[in-house]
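Examination of the molecular architecture
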Amino acid sequence: MTLPPRGGAAPEGAGQGTPAAPLGVPLQRLLFGGVYGTVLASALASALDEDGGTHNPGYDALWILVAALAAAAAHGYAHAVAHWTAGGKRATAESVRSVLAEWPLVAAVLPTVAALLGAAAGWWGEQGAVGVVLVVNTAALFGWGLLAARAAGQGWAPACRVGLVDVLLGLFIVSANALTH
C-alpha cells in the first residue's frame, strides 16, 4: 500500500481532510480496521486452539470470517447512527456506505482464515496454523503501528516505538493463549 502524498484527501463524506487509503477509505479507518481485525482474528484463533475435542479448522475459519463480518457491520452501522442528523443524508444510504467502508477489518482476518483453511485441507494441523497465525498477526500489528505513525508524520524511531506498542497487543494474546493451555 502506498501512502497518499501529503495533502491528499479522502473523497467527500469519507472524513474530509484526512489522508485517503485504498478504495477511498480514510487512512484512520484503514488503520483502525487493520488493528481491530488483526486482534479479533488472533483472539478468536487462540480461543479455538483448544487441546481437547475434535478440531474442525474449516468450520473455525468460517466462524472467524462471520465474526469479522458481524463486527464490521456493527461498527459501520454504529458509526453511521452516531452521525445521523435531522435533515442530513438519507440514513439508509449513509449506513450502507459506512458498513462497506469497514472492509479493512474483514481484510485483516483473511490471513487467519487462509491458515485455518490450509489446516482444513490437511496441509498442516490446526494447532500449528494457530501458532503461525499468532506470530504473523503480531508482526502485522507492528506493521499497522509503524504505518500509523509514519502516516502521522513521525520519524522512523518513534514509528518503530508505536509499532512495538502495538506488538504488545499481540503478545498479550499469545501470553493468554499460553497460560490457558
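Residues numbered from 1 in each chain as written. Predicted model: local features only at pLDDT ≥ 70, side-chain atom pairs only at ≥ 80, totals over all residues. Heavy atoms only, no water.

Looking now at the overall build of the chain. A tally of helices and strands in the chain yields six helices and zero strands. Out of the 181 residues belonging to the chain, those deemed buried represent 36%. The long-range share in the chain, meaning contacts at least 24 apart out of those at least 6 apart in sequence, stands at 63%. When the accessible surface of the chain is totalled, it reaches about 9800 Å², and 69% of it is carbon and sulfur. (Helix = DSSP H or I, 4+ residues; strand = E, 2+ residues; numbered from the N terminus. Buried < 20%, exposed > 50% of the residue type's maximum accessible area, 1.4 Å probe, protein only. Contact = heavy atoms within 4.5 Å. Areas by Shrake-Rupley, 256 points an atom, 1.4 Å probe, with all protein chains shown as cover.)

For the rest of this paragraph, the subject is the packing of aromatic side chains. Throughout the structure, instances matching the rule amount to three aromatic pairs. Geometrically, the ring pair formed by tryptophan 123 and tryptophan 124 is edge-to-face, given 5.8 Å between the ring centres and 65° between the ring planes. Residue classification places tryptophan 123 among the exposed residues on the basis of a relative accessible area of 64%. Overall, tryptophan 124 belongs to the partly exposed group, its relative accessible area being 40%. When the ring centre of tryptophan 156 is taken as origin, the NZ or CZ atom of arginine 150, which lies over that ring, is 4.1 Å away. (Phe/Tyr/Trp six-rings, centres within 6.5 Å; stacked < 30°, edge-to-face > 60°. Lys NZ or Arg CZ within 6 Å of the ring centre and 35° of its normal.)

Where helix α5 (residues 126-151) contacts helix α6 (residues 156-180), the axes come no closer than 7 Å and their chain directions differ by 150°. Of the possible angle classes, the one that applies to α5 and α6 is roughly antiparallel. Considering how the two elements wind past one another, α5 and α6 form a crossing that is right-handed. When the residues that make up the contact of α5 with α6 are grouped by side-chain class, the tally is 16 nonpolar, five polar and two charged. (Axes fitted to C-alpha atoms, helices over the stretch in contact; angles between N-to-C directions. Parallel < 35°, antiparallel > 145°, perpendicular 65-115°, else oblique. Left-handed = near helix turned anticlockwise from the far one by under 90°. Nonpolar A, V, L, I, M, F, W, Y, C, P; charged D, E, K, R; others polar.)

Residue placement: serine 95 occurs in helix α3 (residues 91-100). Here serine 95 falls in the buried class, since its relative accessible area comes to 9%. Excluding anything up to four places from it in sequence, serine 95 contacts Tyr77, Ala80 and Trp84.

Attention now moves to the nonpolar core. Core analysis: the largest hydrophobic core is formed by 20 residues, its most contacted members being Ile64, Leu105, Val109 and Leu116. Every element with two or more residues in this core is listed here: α1 (27-48), α2 (57-82), α4 (103-120) and α5. When residues of this core are assigned to their parent elements, the largest contribution, seven residues, is made by α4. With sequence-adjacent residues up to four places away left out, leucine 105 is seen in contact with Gly33, Tyr36, Gly37, Leu40, Ala68, Ala71 and Ala72. (Core = buried A, V, L, I, M, F, W, Y, C linked by side-chain atoms within 4.5 Å.)

Moving on: α2. For α2, spanning 26 residues, the distance from its first C-alpha to its last is 37 Å, which sits close to the expected 38 Å at 1.5 Å a residue. If you check which residues of α2 are buried, you get Pro57, Asp60, Ala61, Ile64, Ala68, Ala71, Ala72, Gly76 and Ala80. (Expected span 1.5 Å × (residues − 1).)

For α6, with 25 residues, the first-to-last C-alpha span of 36 Å sits near the 36 Å given by 1.5 Å per residue. Along α6, the residues classified as buried are Ala159, Gly163, Asp166, Val167, Gly170, Ile173 and Asn177. The secondary structure elements touched by the buried residues of α6 are α1 and α5.

Let's shift gears to the pattern of salt bridges. Taken as a whole, this structure holds one salt bridge when the rule is applied. Ionic pairing is found between glutamate 102 and arginine 29, a salt bridge with its closest N-O pair at 2.9 Å. With glutamate 102 in the loop between α3 and α4 and arginine 29 in helix α1, this pair connects stretches of sequence that are 73 residues apart. Across the pair, exposure class does not vary: glutamate 102 and arginine 29 are buried alike. (Salt bridge = Lys/Arg side-chain N within 4 Å of Asp/Glu carboxyl O.)

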